[in-house]
Amino acid sequence: MSSKVKQGCSSTRDTTLDSSPGKRVKSPARSSTATATEEGRTSRQSVPRLLVVDDEEYICEVIREMLSSEGYHILTTSDPRKALDLVERQPVDLVLTDLIMGQTSGVEVLDHTMRFHPDAVLILMTGQPTIENAVTVLKSGAYDYLVKPFSMDTLKAVIRRGLEKQRLHRENIHLKEAVSLHKISEAMGSTIRLDFLLNLILETAIKELEADMASVALLDQEAKRWVPKASLGVPPDMLRSGLLAGQDNVSRWVMKHGRPRVFDKDEIGERFLPGHLRKNIRSVIVHPLMAKGKVIGILILVRTKGRMSPFTTGQLHSLSIIASKAASAIENSRLYEELKESYLQTLTALANAVEARDIYTRGHTERVCYMAEFLGGQLKWSEEKLWEVKMGGILHDIGKIGVPDAILNKAQALTDEEFEIMKQHPICGAKILEGIPFLAPAIPYVLYHHERFDGKGYPYGLRNDQIPLQGRLMSVVDTFDAMTSDRPYRKAKSFKMTLKEIKDCSGSQFDPQIAEVFLDAWEKGLIDKGRLKVKRRS
């Protein structure tokens, strides 16, 4: 197909593309703007990038001249095959292509563009405006088509309408992304559980950035090494190789420089990844997690060859928002865990101070805490409730601080009056804790661990389900350790005798379901007997 430029006037404003055969004119000289835009990439991402494809080179030049004053970055090629390569390797906002170009059709160029740039504006030119061609154009997903000859004003109008529609579409997507990222940020800020938080980060990153794999590695401050903490969609052989675990050269580069980067398949050479792992990767995006100016972790996303396009700089920006919020949430989680550990150490010191008044045994608190936490795990309690169990185990006897030494260590049986004083220690312990919100979850363990399932316990004589579950659990493990430890008024019983007594008292002194879980775990050897050995004081 040959074309010419109709020359009724010297102004390019009246230039018209004509499909009349056999007529040609000299191509206009390239403008300086066009030359610059063809040569290089630009950091001005707001300037639309246009690709013009026509097997008649001079038509490409005429269109370039028509649009030279519009401020577009214009790429042209008369080789349809080269156009396919350009589309794959460079960002493109609009493609203007001839419909029929030898063995390659404009529809093929448009299909290829849609694979790599789904939101690009697609416009077809044709000198054969048949109904069949119009249907072909519409089916290809093109925004519009131009019939040669067309005027410069028509060309500009179609391009402007297409780019305006694209702008609105992108703004709508960005708005949805902003709302989505805001919701995600709120969710990240509402949890302090590290495992839940990391999974949320990975699920979010994969969904929002259309990745196939994701992982997070965090810095172990004590060991001074990177430890993979969570991954999603990562094959085991990749994790074993160190990829996506903070131990590959891609990750090391980002950690060293402290800034994110997108690695396309051509950039990921042998120095970054072994060949057998690199072959299925299309694009990698690596983002450091920064807190207080230091890298505390690394977030890695991977697109495989199943994806048509690599990660973009725009997606890197979106990931930066996620990474920033994630780093803050991870740091808050770490600080919260350190605070919890400090509280735990303080509580343990307090419990040990109370326990030190017992001249016969030591380690009661540690053993009860172990068994209570274990039993909670057997009952499938949540991580949060297991933390409360640990607090309850440490503090269950804190009320004994109000019991006189003469009663606490009396070698003979207590009098009725002395026993009444001893029976007040759960209430005393609860009063100590009730003014501290952080310790409130431990109160049921403190207040009810001497209640009996048949209602004959103290301090309130509750029975069955009237007794909170925490108290019923603590009753079993506290009694087990008390019976297997020396007391001022008796010698310790063996494990065998104690287990028989728990079984015999199931349904009277103990909640039968909790007693059954404890006994079953013992029979299966799940309880570490070494941790239950009593160390006696002289």
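First things first, this report covers the structure right here in the doc. Starting from 1, residues in each chain are numbered consecutively following that chain's sequence as written. Residues qualify for local features only when their pLDDT is at least 70, as the model is predicted, and side-chain atom pairs are given and counted only at 80 or more; totals for whole chains, interfaces and linings, by contrast, use all residues. Excluding hydrogens and water, the side-chain figures rest on all heavy atoms present in the structure.

**Re the packing of helix α3 (residues 80-89) against helix α4 (residues 106-116)**
Thought 1: Interaxial distance between α3 and α4 falls to 9 Å at its minimum, and their mutual angle equals 10 degrees. Classified by the angle between their axes, α3 and α4 sit roughly parallel to one another. Packed against α3, whose contacting residues are R81, L84, V87 and E88, the element α4 presents E108, V109, H112, T113 and F116 at the interface.
Thought 2: Amino acid classes used here: Ala, Val, Leu, Ile, Met, Phe, Trp, Tyr, Cys and Pro are nonpolar; Asp, Glu, Lys and Arg are charged; the rest, including Gly, are polar. Its residues assigned to classes, the contact of α3 with α4 shows 4 nonpolar, 2 polar and 3 charged. With axes taken as lines fitted to C-alpha atoms, and helix axes fitted only over the stretch in contact, angles between N-to-C directions fall between 0 and 180 degrees. Helix and strand definitions here come from DSSP, where helices need a minimum of 4 consecutive H or I residues and strands a minimum of 2 consecutive E residues; each element is numbered from the N-terminal end. These descriptions rest on fixed angle ranges, namely under 35 degrees for roughly parallel, over 145 for roughly antiparallel, 65 to 115 for roughly perpendicular, and the rest for oblique. The contact criterion used is simple: two residues touch if any of their non-hydrogen atoms lie within 4.5 Å.

**Topic: the environment of P512**
Thought 1: Summarising the element assignment, P512 is placed in helix α20 (residues 512-523).
Thought 2: Burial classification: accessible surface area is computed with a 1.4 Å probe over protein chains only, and a residue below 20% of its type maximum counts as buried, one above 50% as exposed, and the rest as partly exposed. The exposure class of P512 is partly exposed, given its relative accessible area of 33%.
Thought 3: When the C-alpha atoms of P512 and R472 are compared, they prove to be 9.7 Å apart, with 40 residues separating the residues in sequence.
Thought 4: Apart from residues lying up to four places away in sequence, P512 is in contact with F453, S506 and G507.

**Concerning unusual backbone geometry**
Thought 1: Here the residue pair K148 and P149 is connected by a cis peptide bond, since its omega of 0 degrees sits within 30 degrees of zero.
Thought 2: Tracing the chain through its elements places P149 in the loop between β9 (144-147) and α6 (152-189).
Thought 3: Its identity as a non-glycine residue notwithstanding, E210 has a phi of 50 degrees, on the positive side.
Thought 4: Within the secondary structure, E210 sits in the loop between α7 (194-209) and β10 (213-220).
Thought 5: For E210, a relative accessible area of 45% corresponds to the partly exposed category.
Thought 6: Positive phi, close to 50 degrees, is recorded for N464, a residue that is not glycine.
Thought 7: The residue N464 is located in the loop between α17 (443-448) and α18 (469-483) in this model.
Thought 8: A relative accessible area of 32% places N464 in the partly exposed class.

**So, the packing of α7 against helix α11 (residues 313-355)**
Thought 1: It is the contact of α7 with α11, at a shortest axis distance of 11 Å, that shows an interaxial angle of 175 degrees. Judged by the angle between their axes, α7 and α11 are roughly antiparallel. Of the residues in α11, those in contact with L194, L197, L198, I201, T204, A205 and L209 of α7 are Q315, L319, I322, A326, A329, I330 and S333.
Thought 2: Grouping the constituent residues of the contact of α7 with α11 by class yields 11 nonpolar, 3 polar and no charged.

**A short note on the sheet that holds strand β4 (residues 73-77)**
Whether parallel or antiparallel, the strands of a sheet pair through hydrogen bonds between backbone atoms.
Thought 1: If you trace the 5 strands from one edge of the open sheet to the other, you get β4-β3-β5-β8-β9, paired in parallel fashion. Two strands in the sheet have a free side with no partner beyond their single neighbour: β4 and β9. Strand-to-strand, the axes of this sheet are offset by a mean angle of 20 degrees, without reference to chain direction.
Thought 2: Taken strand by strand, helix α2 (residues 57-66) contacts β3 (49-53), β4, β5 (94-98) and β8 (121-126), and its axis lies near 170 degrees from that of β4.
Thought 3: Across the sheet, α3 is in contact with β3 and β4; its angle to β3 comes to roughly 160 degrees. The rule for pairing is simple: two strands pair if DSSP sees at least two bridges between them.

**Side note on the pattern of salt bridges**
Thought 1: Should a side-chain nitrogen of Lys or Arg be within 4 Å of a carboxyl oxygen of Asp or Glu, the pair is scored as a salt bridge. One pass over the structure, following the stated rule, counts 24 salt bridges.
Thought 2: With a shortest N-O distance of 2.5 Å, R367 and D481 are connected by a salt bridge. On the criterion of sequence distance, the pair formed by R367 in helix α12 (residues 364-378) and D481 in helix α18 is long-range, its members being 114 residues apart.
Thought 3: Two residues, D504 and K500, come together in a salt bridge whose shortest N-O distance is 2.8 Å. Of this pair, D504 and K500 both sit in helix α19 (residues 495-504), 4 residues apart, which is roughly one turn of that helix.
Thought 4: Using a relative accessible area of 52% as the deciding quantity, one classes K500 as exposed.
Thought 5: Salt bridges linked by common partners bring K292, E331, R334 and E338 together as one network.

**Concerning the pairing of β3**
Thought 1: Most of β3 is tucked away, with 5 of its 5 residues classed as buried.
Thought 2: By the alternation rule, side chains of β3 split into R49, L51 and V53 and L50 and V52, which are all buried.
Thought 3: Sheet topology note: the β3/β4 ladder contains 5 bridges and is parallel. What sits directly across from L51, in β4, is L75.
Thought 4: The β-α-β motif built from β3, the intervening α2 and the parallel element β4 has right-handed crossover chirality. Crossover handedness is defined by viewing with both strands directed away from the observer: a clockwise path from the first strand over the helix to the second marks the crossover as right-handed.

**Here we look at the environment of Y445**
Thought 1: Take Y445: it is sitting in helix α17.
Thought 2: Taking the relative accessible area as the measure of exposure, Y445 reaches 0% and is therefore buried.
Thought 3: As a C-alpha pair, Y445 and D397 span 48 residues in sequence and 9.3 Å in three-dimensional space.
Thought 4: When sequence neighbours within four positions are dropped, the list of residues in contact with Y445 reads W381, K385, E388, V389, G392, H396, Q470 and M474.

**Focus on the side chain of T113**
Thought 1: The topology assignment puts T113 in helix α4.
Thought 2: In this view, T113 contacts V87, V95, P118, A120 and L122; residues no more than four positions away in its chain are not counted.

**Brief notes about helix α16 (residues 425-433)**
Given 3.6 residues per helical turn, the α-helix brings residues three or four places apart onto the same face.
Thought 1: Those residues of α16 that sit buried are H425, P426, I427, G429, A430 and L433.
Thought 2: As for α16, its buried residues are in contact with α13 (383-395), α15 (416-422) and α17.

**Considering the side chain of T97**
Thought 1: Position of T97 among the secondary structure elements: in strand β5.
Thought 2: With sequence-adjacent residues up to four places away left out, T97 is seen in contact with V53, G106, V109, L110, I123, L124 and M125.

**Side note on α7**
Thought 1: With 16 residues, α7 extends 22 Å from end C-alpha to end C-alpha; this agrees with the ideal 22 Å at 1.5 Å per step.
Thought 2: For α7, the complete set of buried residues consists of L197, L198, L200, I201, L202, T204, A205, I206 and L209.
Thought 3: E210 lies just past α7 and shows a positive phi near 50 degrees. In this analysis, the expected span of each helix is defined as 1.5 Å times one less than the number of residues it contains.

So far we have only geometry, and geometry alone does not tell us how the molecule works.
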